[in-house]
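Tertiary structure, described
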Amino acid sequence: MKRLSAYHAAAFLAIAAGFFAFYNIALALPPTVILPLDQDIHGTVAKAAVVGAKSAADNELRGAEVARVLKPESLLAYALQATEQPPATTTIPLVNNTKRVYTCGWDNGNLHRILFPDYRDMGRLDAEPRPDPPSADSVFVLGGGGRCSGMTAQKSTNETGGTALYVNGDGGRLFHAVPESKVEVRAFFGPAVLMSHYSDEHWNAFFDPDKKPTNEGERYLMYLVDRCFEFREKAFDALSRIGTSPAHYGGRCKGLDGSKNATLKRKAPRGEVTPRYDPSNPVPWRDNYKIFRRYRFCLVMEHGEKKGYITEKLINAFLGGCIPIYYGTKEVFEIFNPRAFVFFDPRSPRISLSVVEYLEWNKTAYKEKMREPILANGAHTIREYFSFVDSIGGGVLKGRLREMMGIRT
């Protein structure tokens, strides 16, 4: 073999040096060049593919943490600086890194994400380890009635100048802001639950009469509650006497006369109802609709008749494909089609019992009632009571709530 000339040797060394320089630059590139793939069922949480990520945790983006793809010129600029100052983090900086949303208290599902998709979701204030501290333009969504140890939204707003949205599902005014606002927003807990705890598949089933859930109706009635108010227990006893098959109970409550007569009422089959207070399932009622899928009727009565108090009970019943037997505020008729359910008034139960008995024994009448649309007034109802996201009813309620909190953008 001939020896390489000095010229050829120098050229070879130059090429090798160039290759290793390029290799070192490539290694210094940030391992989280993020490419948006799709959106989750609520259209608010971006999922990402992470090039070079070291763990599955690097693949998760929460809330409004929607990554922007670095342009080629940005990659080149970064590569030129990489050998001088390697990045301290593997996460691409956000467009608005200071705008953050925190949650605390009762679990509000994705409410904070759908109302504030342009804010970075920081998770719960009382999480361990604690999230990064709030800033002056942070937003806090606090669910009333839930535990919130350590830092509270009230304390955070006082210390940072941020704004808190309180969510009270126990009737009266559902939303109010701190600091207080002159703007008031009329809204109900049940519709908010549908939009924040369920998927767009469930939304479509609710809003499109052609996709309204139905089931085989192989069983008569399900009574699924754990707070045994006397008016509920009496209603269950009375309804259990008029079915063509036994009525079932799935919670702690089983009527005033218990389960003495198995021909009238009995406990739901074993394994079909999960424990109501399972620590691994902090929102057990969210899956009640799955239990309702085998029943023609669902007894879903509120705790009482309180203004503004419409909870998830009707939502679950309709999603389960049964005919709801409901009691609560008369405001329910503004939202839900009165021909699609049975309103049970404990003060005059005979009328409601007669209606249920007629439907139970007349299959044609039952099917006609099942064909009724869920909502009282179609698009108007959606806009006024369900528009917590931009894609539903133009985001009217979302806009009103943000205005109440002084958020103009």
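These numbers come from a predicted model, not from an experiment.

1. Structural notes on empty space enclosed by the protein
Throughout the structure, instances matching the rule amount to one cavity of 30 Å³ or more. Lining the largest cavity are Trp106, Asn108, Leu111, Val167, Phe189, Ala192, Val193, Ser196 and His197. Per element, the largest residue contribution to the lining of the largest cavity is five residues, and it comes from helix 5 (residues 189-197).

2. Overview of the environment of Tyr249
Inspection of the secondary structure puts Tyr249 in strand 9 (residues 247-249). The buried category is assigned to Tyr249, whose relative accessible area is 6%. Along the primary structure Tyr249 and Met222 are separated by 27 residues, whereas in three dimensions their C-alpha atoms are 5.7 Å apart.

3. So, the nonpolar core
Residues Phe206, Phe336, Phe386 and Phe388 are the most contacted members of the largest nonpolar core, which totals 89 residues. For this core, the leading source of residues is strand 11 (residues 295-301), giving six residues. Not counting the four nearest positions on each side in its chain, Phe336 is found in contact with Phe206, Ile310, Leu314, Ile315, Phe318, Phe341, Ile374, Leu375 and Ala376. If you look at the next biggest cluster of nonpolar residues, it comprises nine residues, including Tyr102, Leu125, Phe140 and Leu142.

4. Quick look at helix 7 (residues 230-240)
Of all 11 residues in helix 7, eight are buried, a share of seventy percent or more. Of the residues making up helix 7, those classed as buried are Arg232, Glu233, Ala235, Phe236, Asp237, Ala238, Leu239 and Ser240.

5. Remarks on the packing of aromatic side chains
Using the criterion set out here, one finds 23 aromatic pairs in the structure. Seen in terms of ring centroids, Phe188 and Tyr385 are 5.9 Å apart; in terms of plane orientation they differ by 50°. Their pairing is tilted. Of this pair, Phe188 sits in the loop between strand 7 (175-178) and helix 5 while Tyr385 sits in helix 13 (residues 378-385); the two residues are 197 residues apart in sequence, bridging distant segments of the chain. Taking relative accessible area as the criterion, Tyr385 reaches 10% and is therefore assigned buried. The side chain of Lys306 reaches across the aromatic face of Tyr309, ending 4.6 Å from its centre.

6. Re the packing of helix 11 (residues 349-361) against helix 12 (residues 363-370)
Geometry of a packed helix pair, given as the angle between the helix axes and the separation of the axes. It is at 5 Å that the axes of helix 11 and helix 12 come closest, and there the two elements cross at 110°. One element, helix 11, and the other, helix 12, form an angle in the roughly perpendicular class. Each of Tyr358, Leu359 and Trp361 in helix 11 lies in contact with helix 12, whose residues at this interface are Lys363, Ala365, Tyr366 and Lys369. Each residue belonging to the contact of helix 11 with helix 12 can be placed in one class, and the counts come to five nonpolar, no polar and two charged.

Parameters at a glance
Here, residues in each chain are numbered from 1, in the same order as that chain's written sequence. Totals for whole chains, interfaces and linings use every residue, but because this is a predicted model, local features are given only for residues with pLDDT of at least 70 and side-chain atom pairs only at 80 or more, for both listing and counting. Excluded from the side-chain calculation are hydrogens and water; included are all heavy atoms of the structure. Buriedness for pockets is judged along seven lines, at least five of which must meet protein on both sides within 12 Å for an open set on the 1 Å grid over protein atoms alone, while cavities are sets there where a 1.4 Å probe fits but cannot get out, and lining residues have an atom within 4 Å of a point. Grid points are joined across faces, edges and corners, and a volume is the space filled by probe spheres set on the points. In this text, helices come from DSSP runs of H or I with a minimum length of four residues, and strands from runs of E with a minimum of two, each type numbered from the N-terminal end. Accessible area is worked out with a 1.4 Å probe on protein chains only. A residue is then buried under 20% of its type maximum, exposed over 50%, and partly exposed in between. Residues enter a nonpolar core if they are buried and are Ala, Val, Leu, Ile, Met, Phe, Trp, Tyr or Cys, with the set joined through side-chain atoms within 4.5 Å. We call two residues in contact when some of their heavy atoms are within 4.5 Å. Within 6.5 Å between ring centres, the rings of Phe, Tyr and Trp (the latter by its six-membered ring) count as paired, and their orientation is classed by plane angle as stacked under 30 degrees, edge-to-face over 60, tilted in between. Criterion for a charge above a ring: Arg CZ or Lys NZ at most 6 Å from the ring centre, at most 35 degrees from the ring normal. Think of each axis as a best-fit line through the C-alpha atoms, taken over the contacting stretch in the case of a helix, with angles from 0 to 180 degrees between the N-to-C directions. Convention used here: angles under 35 degrees read as roughly parallel, angles over 145 as roughly antiparallel, angles from 65 to 115 as roughly perpendicular, and any remaining angle as oblique. Each residue gets one of three labels, nonpolar for Ala, Val, Leu, Ile, Met, Phe, Trp, Tyr, Cys and Pro, charged for Asp, Glu, Lys and Arg, and polar for the others, Gly among them.

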